[in-house]
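Overview (structure and organization)
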Amino acid sequence: MNAPTPTQDELKAMVAQAALAHVPPHAWIGVGTGSTVNLFIDALGQSGIPIRGAVSSSVASTERMRALGIPVFETQEVESLAVYIDGADEIDPMGHMIKGGGAALTREKIVAAMAREFVCIVDASKRVEVLGQFPLPVEVIPMAAPMLIRRFAQLGGEAALRLKDAQPLKTDNGQHILDVKGLRITHPLEFEDQVSQWPGVVTVGVFAHQKAQVCLMGTPTGVQTLRY
Ligand code: 5RP
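These numbers were taken from a predicted model, which means no experiment stands behind them. (Residues numbered from 1 in each chain as written. Predicted model: local features only at pLDDT ≥ 70, side-chain atom pairs only at ≥ 80, totals over all residues. Heavy atoms only, no water.)

The topology assignment puts Ser 61 in helix α3 (residues 59-67). You can call Ser 61 buried: its relative accessible area is 0%. Looking at Ser 61, its side chain comes within polar contact range of the main-chain oxygen of Gly 32, at 2.6 Å. (Helix = DSSP H or I, 4+ residues; strand = E, 2+ residues; numbered from the N terminus. Buried < 20%, exposed > 50% of the residue type's maximum accessible area, 1.4 Å probe, protein only. Polar contact = N/O pair within 3.5 Å; in protein donor to acceptor, adjacent residues only side chain to side chain.)

Bringing the environment of Phe 152 into the picture now. Secondary-structure assignment places Phe 152 in helix α5 (residues 145-154). According to the relative accessible area criterion, Phe 152 is buried, its value standing at 0%. On a C-alpha basis, the gap between Phe 152 and Val 195 in space is 9.1 Å, while along the polypeptide they are 43 residues apart. If we ignore the near neighbours within four places in the chain, the residues touching Phe 152 are Val 138, Gly 157, Ala 159, Leu 178, Val 180, Phe 191, Val 195 and Trp 198. (Contact = heavy atoms within 4.5 Å.)

Lining the immediate surroundings of the ligand are 17 residues, of which Ser 35, Thr 36, Asp 89, Gly 100 and Lys 126 lie closest. One nitrogen or oxygen atom from the main chain of Thr 33 is found 3.2 Å from an oxygen atom belonging to the ligand. A distance of 2.7 Å separates an oxygen atom of the ligand from a polar atom in the side chain of Lys 126. Compared with its free state, where it exposes 370 Å², the ligand has 91% of that area covered by protein. More than half of the atoms of the ligand fall within 2 Å of the grid points belonging to the second largest pocket. Classifying every residue of the shell around the ligand by side-chain character gives 3 nonpolar, 8 polar and 6 charged. (Near = heavy atom within 4 Å. Areas by Shrake-Rupley, 256 points an atom, 1.4 Å probe, with all protein chains shown as cover. 1 Å grid on protein atoms, 1.4 Å probe; cavity = no way out; pocket = protein on both sides within 12 Å on 5 of 7 lines; lining within 4 Å. Sits in = over half its atoms within 2 Å of the grid points. Nonpolar A, V, L, I, M, F, W, Y, C, P; charged D, E, K, R; others polar.)

Below you can see the structure in the form of structure tokens.
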């Protein structure tokens, strides 16, 4: 009898476990945000791998790590990180990603920029040929939101303010998130450059400059390691 097809959660758990092999002992590491990273944090806590410390990309990940006794430091206390481990909402064949489904994209981009290597951990549903099927998260200064919604419309995108409990969601940085549907991001580097320059954009959720160097992708036949 064939083995049952693993669920998405089982694939996430597989890549979370596989990511431990990318944690050098006694190193500074960066830790992302999201359900896949939560499984990685739990695996790291149980692993006994001694790390010098972790820099976190969100309040949620900081709290989860501290609860497990993992030492967490501020970005300002650390010069560079050996590795940054995080999930993604989409990843293309070059390692460019869309991130920010968990609203942590600004801190994720900052922490990723401090790391020598970005290891992306995803299940295979996140693999795309062209970025843009997942609504693109963009962190914005609230007063700029209506103007930015009009700008995205000129690119063919339909932007909407992300809500939580019927109110605009506030990020860890006190700003708002636009989610932009209908984009087809064929040139991620150029797109990231263009949108990053619009007044009022804090961070665009295209990670092309901070792309992954390694992707651990959970598939029904096991974890694939992709290098870019
Ligand atoms: C959070 C992110 C996450 O990495 C992304 O949303 C994937 O999350 P998950 O592992 O829950 O699927 O960018 O801002």
